[in-house]
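The lines below spell out each chain.
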Amino acid sequence: MEDIVLQAAGLEKSFGRVRALAGGSLKLRRGEIMALVGDNGAGKSTLIKCLAGVLTPDAGAIETGGKRYERLTVPQARALGVAVVYQDLALADHLDVAANIWLGAEPLKWGVFLDRARMVADAEKLLARLSIRLTACGVPVGALSGGQRQAVAAVRAIAQGGRILIMDEPTAAMGLRESSHLLEIMSQLRDRGLTLLCISHNLPQILQVADRVTVLRRGVTVREEPARGLDPLKLAGWMSGALS
Ligand SMILES: Nc1ncnc2c1ncn2[C@@H]1O[C@H](COP(=O)(O)OP(=O)(O)OP(=O)(O)O)[C@@H](O)[C@H]1O
């Protein structure tokens, strides 16, 4: 049976005269990587912002956690486990891995003092549970590679309750080795039962890890396909409209 964790249907959103979304839909299953693809301006960012509660759709609905929402606020989306791992990552470079994982949700001793020992122990436990190997937890994140930083941002989202992770171009500006490390981490997170929705322009690369692909064209979801064996050229054809 399909285990749907989030479903969006008929989402519409206009900015003045620009129709960014005109029928965006999406179905996310537990423990899958869904690639969200489309040409520039197809509405991908607008769609994920609606899911994360950053934008209010003009029409359509989002179903998650057994309820239907016509609008979500950011705190509501977070409480429902929807977390965006932003491209700029919003990490504190001078703080170490453990401090970044618990940033804004630090464990306290006697309700007042920062419980550093617990912070490190919990971070290490979580990384081990997710099978993510990073340099020691005491290293400032400013010294990590792009892939490792992205992993820290994803782990932070999970530590703070994220179950559906939205990643916008996670491997953009990364070298080959770094991006393949990150793709590996994404697969591990999927194998631990997390759901990943990932915007990507790099079709051959995202097809290496995605389970399914949603194609947006001019604000409309035109395809939802299994990723296995999908030809990137065919995918590009659906994106541009050269193939219907
Ligand atoms: N805040 C905004 N104000 C006005 N127009 C906007 C705004 N946000 C998005 N748009 C427009 O909506 C359309 C869809 O934009 P969106 O950023 O969602 O597309 P995208 O698929 O993410 O594109 P890209 O791959 O280039 O990031 C575009 O025409 C864009 O210019």
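Structural data are supplied above this passage.
Residues numbered from 1 in each chain as written. Predicted model: local features only at pLDDT ≥ 70, side-chain atom pairs only at ≥ 80, totals over all residues.

## Some details on the site of the ligand
Then step 1. The local shell around the ligand consists of F15, V18, A20, G38, N40, G41, A42, G43, K44, S45 and T46.
Then step 2. Mapped onto the shell around the ligand, the elements with two or more residues apiece are β2 (18-29) and α1 (44-51).
Then step 3. Considering every element that reaches the shell around the ligand, the biggest residue donor is α1, with three residues.
Then step 4. When its residues are assigned to classes, the shell around the ligand shows four nonpolar, six polar and one charged. (Near = placed C-beta within 6 Å. Helix = DSSP H or I, 4+ residues; strand = E, 2+ residues; numbered from the N terminus. Nonpolar A, V, L, I, M, F, W, Y, C, P; charged D, E, K, R; others polar.)

## What about unusual backbone geometry?
Then step 1. The backbone phi angle of S131 is positive, close to 55 degrees, even though this residue is not glycine.
Then step 2. Within the element layout of this structure, S131 appears in the loop between α4 (116-129) and α5 (146-159).
Then step 3. Positive phi values are uncommon outside glycine, yet E169 reaches one of about 50 degrees.
Then step 4. Within the element layout of this structure, E169 appears in the loop between β9 (164-168) and α6 (176-191).
Then step 5. In this structure E169 comes out as partly exposed when scored by C-beta crowding, with 16 C-beta atoms within 10 Å. (Buried ≥ 20, exposed ≤ 12 C-beta atoms within 10 Å, placed from the backbone.)

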